[in-house]
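Coordinate analysis (summary)
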Amino acid sequence: MDSTLARRMLAASTEITKAALAEEDPGAVLPLVVRRAAALAEADLGLVMVRDEQDNLTVEASHVGPHAPEPLTDPVGSVLSPHSAASQVAHGGVPVVVDDLIDDPMTAPYVPWALRVYGPFAVAPFGTHERRLGALAVYRRRGADPFTRVTVDLLTSLAAQAGLALVLAEGSTARQRVAVYQERERIARDLHDVIVQRLYAAGVQLNVLDRRIAADLDPADAKRLTEITDQIDQTIAEVRATVRTLTSSDPEQPTRPPDLAESLRGEVRIAGELLGEPPELELSGNLDDVPVTVADHARAALREALSNVVRHSGARNVLVRVRRTYEGMLLQVTDDGCGIPRDVTKRGLRNMAERATAAGGSCTIDSSPDSGSTVTWQVPLAAT
């Protein structure tokens with residue numbers, strides 16, 4: 001290989017490697033690979049073909065030279081015969097070169113109609129020995145000079161180096177995505193464990209303050225204090241929604257719904273930190289197969305019920321009972337506090353009832369200043 005050709009080869013490989021490592025999707029570099037291969041081989045057409053999960057070889061990118069005859073149809077998207085020369089090279093790893101596609105018995109039976117305007121043909125394995133991605137092929141118009149051994153060696157070297165760059169880029173991209181996901185998890189954890197808890201505590205303190213000075217407040221100030229509490233509730237809901245978004249897209253695993261039992265324990269744990277004494281939690285039955293929408297409703301209902309206990313009841317003992325039965329799911333929160341004050345906003349209680357109705361169930365609330373409150377939220381579930 002002369003020095004000029006070697007410099008061109010090095011420049012093409014460097015450009016492809018930089019592009020592959022810079023792209024979020026390494027596959028987006030394939031058009032660049034095929035352009036550089038066609039230029040180095042002085043070919044009229046270049047094709048890069050990639051193996052899919054079913055081991056089929058599909059044309060993913062093409063490049064037609066400025067003076068070449070156009071293919072009869074666009075070859076991109078074509079699936080090659082498993083007996084074609086390109087398929088054999090993709091699997092076997094040995095390059096193939098022929099003087100004429102139509103005349104050579106190795107290629108003649110498998111030449112796609114779109115490529116019958118070409119003659120000289122060379123194809124090299126694309127990828128590494130451990131990771132064979134596909135094949136890289138170049139063509140010249142019929143009647144042109146065949147590809148020399150030097151050209152085939154050049155094509156083989158470029159295909160190997162470009163394939164290695166893409167394999168390395170895929171690994172780098174995967175690591176970057178995992179790092180991003182881990183950072184998202186950390187942020188979500190901080191939001192849930194720190195920000196939500198502080199907002200929750202601020203809302204509780206405002207409610208306590210409201211009850212203490214209610215008689216001294218004029219209606220406008222009382223309304224303003226209620227609005228502030230509602231805004232805190234809304235902010236908590238928005239932060240929780242952000243947490244769900246941050247933790248819902250693991251790039252390396254299929255999306256899975258959050259563990260219902262564990263998230264219910266988390267709600268009870270937060271309420272316990274604010275009450276000073278953790279509620280007792282009874283879980284019975286298998287919650288793993290509760291539909292995602294019902295699970296979301298159940299989490300929100302428990303959150304609202306515990307919020308009412310923390311803010312209004314003054315309870316010393318709280319029992320949370322969650323039971324999955326053959327017919328459905330029951331969630332019950334019982335406390336020995338002062339009951340739900342008549343003048344407290346009923347928005348949260350209405351939300352609980354609406355969620356139960358949306359899931360085909362019901363929500364009942366028994367409240368007394370003497371015996372405390374019991375919230376019973378239940379929905380039917382299909383038998384499994």
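Residues numbered from 1 in each chain as written. Predicted model: local features only at pLDDT ≥ 70, side-chain atom pairs only at ≥ 80, totals over all residues. Heavy atoms only, no water.

The subject of this paragraph is the pattern of salt bridges. Throughout the structure, instances matching the rule amount to ten salt bridges. Salt-bridge contacts for Arg141 lead to Asp44; the nearest nitrogen and oxygen are separated by 3.2 Å. Here the residue Arg141 occupies a position in strand 5 (residues 132-141), and Asp44 occupies one in the loop between helix 2 (30-40) and strand 1 (45-51), the gap between them amounting to 97 residues. For Asp44, a relative accessible area of 8% gives the class buried. (Salt bridge = Lys/Arg side-chain N within 4 Å of Asp/Glu carboxyl O. Helix = DSSP H or I, 4+ residues; strand = E, 2+ residues; numbered from the N terminus. Buried < 20%, exposed > 50% of the residue type's maximum accessible area, 1.4 Å probe, protein only.)

In this section: helix 3 (residues 85-92). Buried within helix 3 are the following residues: Ala85, Ala86, Ser87, Val89 and Ala90. On the buried face of helix 3, the contacting elements are strand 1, strand 2 (57-64), strand 3 (96-98), strand 4 (118-127) and strand 5. The first or second residue beyond helix 3 is Gly93, which carries a positive phi of 80°. (Contact = heavy atoms within 4.5 Å.)

Our focus in this paragraph is the confidence of the model for the protein. With 84% of its residues at a pLDDT of 70 or more, the protein shows a mean pLDDT of 80. Confidence drops under pLDDT 50 across residues 250-256; counting only partners more than four residues distant or on other chains, this segment forms seven contacts. (pLDDT = per-residue confidence, 0-100.)

We now examine empty space enclosed by the protein. Under the counting rule described, the total for this entry stands at one cavity of 30 Å³ or more. The volume enclosed by the largest cavity comes to roughly 80 Å³. Lining of the largest cavity is provided by Ala305, Asn308, Val309, His312, Ser313, Val333, Asp335, Gly339, Ile340, Ser373 and Val375. Elements with a minimum of two residues in the lining of the largest cavity: helix 7 (292-313), strand 8 (328-335) and strand 10 (372-380). (1 Å grid on protein atoms, 1.4 Å probe; cavity = no way out; pocket = protein on both sides within 12 Å on 5 of 7 lines; lining within 4 Å. Points joined across faces, edges and corners; volume = space filled by probe spheres on them.)

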